[in-house]
Amino acid sequence: HTPQAVQYPPPAPVTNGDSTESLARPNFDQSRLPCMASHPVTRFWMRIAVPCYLLANIFLFASSNFGYSNETFVKFIFADMDLQFVIERPTITSALRDMREADAWALFVSILIVGIIWPYTKLFLLGVCWFIPPKWMGYERRGKFLEVLDLLGKWAYGDMFLMVFMMVGFSFNISNSNDWKVLKMLPDDFLDIQMFVKPAFSFFTFVIAAFMSQVLP
């Protein structure tokens, strides 16, 4: 008589209700977890540092929007006279007003969105991600949302590049020795007119604020 091998039934899968769950990916209820600001894993200094960081970023953007972004100088040299004076100190609000009066709507809308609306919107959405609980926005959805914010956050640099282009485009130098050669009787550099644009305090605050908004996500 030859003994037969005993056949054992296959192991039953781990079930949770009506769905089969894998042991490698346990299921847990995210709706009972607190937000990132009050999560037990979040350190105390981070609970204070992140909101303060966002508020400081908003303050820098506001100071850049209402302060002088640049200064336009004109330097006039005639014989022994050397005169230099400021002809314009624009702000982003005054620039938008001038664009609206000149019917430059494409430039008006782009500066309004990139330079004013989007930076504050991004900071507001970052604050929402910090304080909203997982029952309203899960961890996976929050991670994808932060990736999109990080990708779109680079548009805040558009206003900075426009300011740099304006500084270069509005700078010129006219002298009698180079541009008015018909006046040969005049000595070199007898008449010289220079116009140049220098960045002001608000320009640097905008650059710092745009960089800070990219670091946080």
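Here the structure is a predicted model, which means the values were calculated and not measured. (Residues numbered from 1 in each chain as written. Predicted model: local features only at pLDDT ≥ 70, side-chain atom pairs only at ≥ 80, totals over all residues. Heavy atoms only, no water.)

Participant: Sorry if this is basic, but what is going on with the pattern of salt bridges here?
Facilitator: Two side chains bearing opposite charge may form a pair once their charged atoms approach each other closely. Inspection of the entire model under this criterion finds one salt bridge. Salt-bridge contacts for R89 lead to E71; the nearest nitrogen and oxygen are separated by 2.8 Å. Here R89, found in the loop between β4 (81–88) and α2 (92–101), pairs with E71, found in strand β3 (residues 70–78); they are 18 residues apart in sequence, far enough to count as distant. Relative accessible area serves as the criterion here: at 42%, R89 is assigned to the partly exposed category. (Salt bridge = Lys/Arg side-chain N within 4 Å of Asp/Glu carboxyl O. Helix = DSSP H or I, 4+ residues; strand = E, 2+ residues; numbered from the N terminus. Buried < 20%, exposed > 50% of the residue type's maximum accessible area, 1.4 Å probe, protein only.)

Participant: Even after reading the chapter, I still don't get unusual backbone geometry, so can you show me in this structure?
Facilitator: Most peptide bonds take the trans configuration, and most residues that are not glycine carry a negative phi. We note that D103 has phi near 60°; this positive angle belongs to a residue other than glycine. Mapped onto the fold, D103 is located in the loop between α2 and α3 (105–131).

Participant: How do you make sense of the layout of surface pockets when you look at a structure like this?
Facilitator: There is about 340 Å³ of room inside the largest pocket. Taken together, 21 residues line the largest pocket, and the ones lying closest to its centre are S69, N70, P90, A95 and M166. If you list the elements that add at least two residues to the lining of the largest pocket, you get β3, α2, α3, α5 (157–169) and β6 (191–199). For the lining of the largest pocket, the residue count by class is 13 nonpolar, five polar and three charged. (1 Å grid on protein atoms, 1.4 Å probe; cavity = no way out; pocket = protein on both sides within 12 Å on 5 of 7 lines; lining within 4 Å. Points joined across faces, edges and corners; volume = space filled by probe spheres on them. Nonpolar A, V, L, I, M, F, W, Y, C, P; charged D, E, K, R; others polar.)

Participant: Sorry, what's going on with the environment of T42 here?
Facilitator: With respect to the element layout, T42 can be found in the loop between β2 (19–20) and α1 (44–66). Residues contacting T42, with those up to four places away along its chain left out, are M36, R47 and W130. (Contact = heavy atoms within 4.5 Å.)

Participant: Even after reading the chapter, I still don't get the side chain of S64, so can you show me in this structure?
Facilitator: Relative to the helices and strands, S64 is located in helix α1. Of the polar contacts made by the side chain of S64, one reaches the backbone oxygen of F61; its length is 2.7 Å. If we ignore the near neighbours within four places in the chain, the residues touching S64 are I92, S202, T205 and F206. (Polar contact = N/O pair within 3.5 Å; in protein donor to acceptor, adjacent residues only side chain to side chain.)

Participant: What should I look at first to understand the packing of aromatic side chains in this one?
Facilitator: Aromatic ring pairs are described here by two measures, namely the spacing of the ring centres and the angle between the planes. Taken as a whole, this structure holds four aromatic pairs when the rule is applied. When the centroid spacing of 5.6 Å and the interplanar angle of 75° are considered together, the rings of F61 and F206 count as edge-to-face. Of this pair, F61 sits in helix α1 while F206 is found in helix α6 (residues 201–215), placing the two residues 145 residues apart along the sequence. When sorted by exposure, F61 lands in the same class as F206, which is buried. Centre to centre, the rings of F203 and F204 are 5.6 Å apart; their planes meet at 75°, and the pair counts as edge-to-face. Take F203: its relative accessible area is 8%, and that puts it in the buried class. Of the residues examined, F204 reaches a relative accessible area of 45% and is grouped as partly exposed. An aromatic cluster is built from F61, Y120 and F206, whose rings are joined through pairwise contacts. (Phe/Tyr/Trp six-rings, centres within 6.5 Å; stacked < 30°, edge-to-face > 60°.)

Participant: Explanation requested: the pairing of β3 in the structure shown.
Facilitator: Sheet topology note: the β3/β6 ladder contains nine bridges and is antiparallel. Its bridge partner being in β6, F73 is matched across the sheet by F196. Relative to β4, β3 runs antiparallel, the two sharing seven bridges. Bridge assignment links T72 to a residue of β4, and that residue is E88. Here β3 folds back onto β4, and the loop between the two strands holds two residues, one of which, A79, carries a positive phi near 60°. (Pairing = 2+ DSSP bridges.)

Participant: Is there a simple way to think about α2 in this case?
Facilitator: Think of an α-helix as turning once every 3.6 residues; residues three or four places apart then point the same way. Taken together, the buried positions of α2 are occupied by I92, S94, L96 and M99. Note on α2: the residue one or two positions beyond its end, D103, has a positive phi of about 60°.

Participant: Explain the packing of α1 against α6 to me, please; I cannot follow it from the model alone.
Facilitator: Axis angle and axis distance: for two packed helices, these are the angle between their axes and the distance between the axes, and together they describe the pair. Closest axis-to-axis distance for the α1/α6 pair is 8 Å, and the angle between their directions is 150°. The orientation of α1 with respect to α6, classified from their angle, is roughly antiparallel. Remark: the crossing between α1 and α6 carries left-handed chirality. For the pair α1 and α6, contact is made by Y53, N57, L60, F61, S63 and S64 and by S202, T205, F206, I208, A209, A210, M212, S213 and V215, respectively. A breakdown of the residues in the contact of α1 with α6 according to their chemical character gives nine nonpolar, six polar and no charged. (Axes fitted to C-alpha atoms, helices over the stretch in contact; angles between N-to-C directions. Parallel < 35°, antiparallel > 145°, perpendicular 65-115°, else oblique. Left-handed = near helix turned anticlockwise from the far one by under 90°.)

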